[in-house]
Amino acid sequence: MSKNDGAQKTPILTHLVAGGAAGFMEACTCHPLDTVKVRMQLAKKAQRSASGKRLGFLGVGVRIVKNESFWALYKGLGAVIAGIVPKMAIRFSSFEMYKGALADENGKNTRMGIFLAGLAAGTTEAVLVVSPMDLIKIRLQAQRNSMADPMDIPKYRNAPHALYTIVKEEGVGALYKGVALTALRQATNQAANFTAYQELKKHARNFQQIDELPSYQTLVIGGISGAMGPLFNAPIDTIKTRIQKSTTLTGNGWQRFTFVTSEIYQKEGMRAFYKGLTPRVLRVAPGQAVTFVVYEKVKSWIDLFTNKTQEGELIGKQAQ
């Protein structure tokens, strides 16, 4: 993150490039875990092996690979990558803008200010990018076609085709099914994520009396901060996933929410709200670890390049 203690303000373009690079690496690294999480959340009953043993996230992943090929774990990746650059650009740049707006006259932020900036940044990214991207991704991930069989043609062939089909059959509004829950999930995620990351980073730097943390420490801190949101809002994510997967739900957002919530509780029990929690934590925590490491590293490279360029221009002007 950019510093507020009198240092030169980081340009928004730097957040765009660093955030986009971080998001791309995070998506490619962790998407298979997200596919397993979605399949577990969409299962009406606990998935079991041929012997009747309950399948955990590893078992579900193995079944997907066995029945649909290894590349089925990457279903919906195109939708994620297509949205990851604007998503991360909006996340980091809006967080910095909200954080700046909430800072005191000396540019310092309280813990509550960081929390509120994260809350606002999560809401912003959810409305502008994440909600339609998530819906397309979930529709693709929910398909159980074998990617190893060219004759097994799914309803949605890829992300652009899924977008076209959904808009044609259900209207543009369908892309925003579950948008309130998506916003609530992203807001709580980023509030917890940025607050934990900023606090842990500050304490680690003060304890070691250094300005910049080594990459391995950023990796650990990013992983810990990334786990906070999923542990807190798992039921929200499960309900959102069910709403976005459905093509038959009618009524306004509140009616869909109450119907899905009561259906899950009555037919599957309270435990069903936490389906997919393990793969979600295992996907989001390392995902945030990768995101923060790549973001901080790319940002430092851009800052270094920018500073050297400015120094070169200054030297050139002085030599003239």
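Residues numbered from 1 in each chain as written. Predicted model: local features only at pLDDT ≥ 70, side-chain atom pairs only at ≥ 80, totals over all residues. Heavy atoms only, no water.

1. Re the overall build of the chain
Rules: By definition, any uninterrupted DSSP run of H or I lasting at least four residues is a helix, any uninterrupted run of E lasting at least two residues is a strand, and each is numbered from the N terminus. We compute the radius of gyration from the C-alpha atoms alone; for a globule the expected value is 2.2 Å times N to the 0.38, where N is the number of residues. Throughout, a residue-residue contact means that at least one pair of heavy atoms, one from each residue, lies within 4.5 Å. Areas reported as accessible are Shrake-Rupley estimates using a 1.4 Å probe. Residue values count occlusion only from the protein chains shown.
Broken down by element type, the chain carries nine helices and zero strands. The order of α-helices and β-strands along the chain, N terminus first, is α-α-α-α-α-α-α-α-α. By the compact-globule yardstick of 20 Å for 320 residues, the chain fits well, its C-alpha radius of gyration being 21 Å. With the C-alpha coordinates aligned to their principal axes, the bounding extent of the chain is approximately 75 × 40 × 40 Å. Across the chain, the fraction of contacts at a sequence separation of at least 24, relative to all contacts at a separation of at least 6, is 79%. Carbon and sulfur atoms make up 64% of the accessible area of the chain, which amounts to about 16200 Å² in all.

2. So, helix H8 (residues 253-268)
For clarity, the cut-off: Here a helix's expected span is defined as the number of its residues, less one, multiplied by 1.5 Å. Burial classification: accessible surface area is computed with a 1.4 Å probe over protein chains only, and a residue below 20% of its type maximum counts as buried, one above 50% as exposed, and the rest as partly exposed. The arc in question is the one traced by the directions running from the helix axis out to the C-beta atoms.
Counted at 1.5 Å a residue, the expected span for H8 with its 16 residues is 22 Å, and the 22 Å between its end C-alpha atoms agrees. Within the span of H8, buried status applies to Arg256, Val260, Glu263 and Ile264. Looking down the long axis of H8, one finds its buried residues gathered within 95 degrees of arc, a one-sided arrangement. Residues of H8 that are exposed and point more than 90 degrees away from the buried face comprise Trp254, Tyr265 and Gln266. Buried residues along H8 sit in contact with helix H7 (215-245).

3. Looking at the packing of helix H4 (residues 111-142) against helix H6 (residues 179-208)
What counts here: Between N-to-C directions, angles cover 0 to 180 degrees, with each direction set by a line fitted to C-alpha atoms, over the stretch in contact for helices. Comment on the angle field: the value is read as roughly parallel under 35 degrees, roughly antiparallel over 145, roughly perpendicular from 65 to 115, and oblique elsewhere. Crossing handedness is defined as follows: a turn of the near helix away from the far one that is anticlockwise and smaller than a right angle gives a left-handed crossing, while the clockwise case is right-handed. Polarity classes work like this: nonpolar for Ala, Val, Leu, Ile, Met, Phe, Trp, Tyr, Cys and Pro, charged for Asp, Glu, Lys and Arg, and polar for all others, with Gly in that last group.
Packing of H4 against H6 brings their axes to within 6 Å, and their N-to-C directions diverge by 140 degrees. For the element pair H4 / H6, the angle class is oblique. Judged by the sense of rotation from one axis to the other, the crossing of H4 with H6 is right-handed. Looking at the contact of H4 with H6 residue by residue, the class counts come to ten nonpolar, ten polar and five charged.

4. Things to note about empty space enclosed by the protein
Just so we agree on the cut-off: Only protein atoms enter the 1 Å grid used here. Points where a 1.4 Å probe fits but cannot escape make up a cavity, open sets with protein on both sides within 12 Å along at least five of seven lines make up a pocket, and a residue lines them when an atom lies within 4 Å of a point. Grid points are joined across faces, edges and corners, and a volume is the space filled by probe spheres set on the points.
All chains considered together, the criterion is met by one cavity of 30 Å³ or more. There is about 380 Å³ of room inside the largest cavity. Split into classes, the residues belonging to the lining of the largest cavity amount to nine nonpolar, eight polar and eleven charged.

5. A look at the packing of H6 against H7
Contact geometry for H6 and H7: axes closest at 8 Å, N-to-C directions at 170 degrees. What the angle tells us is that H6 and H7 run roughly antiparallel.

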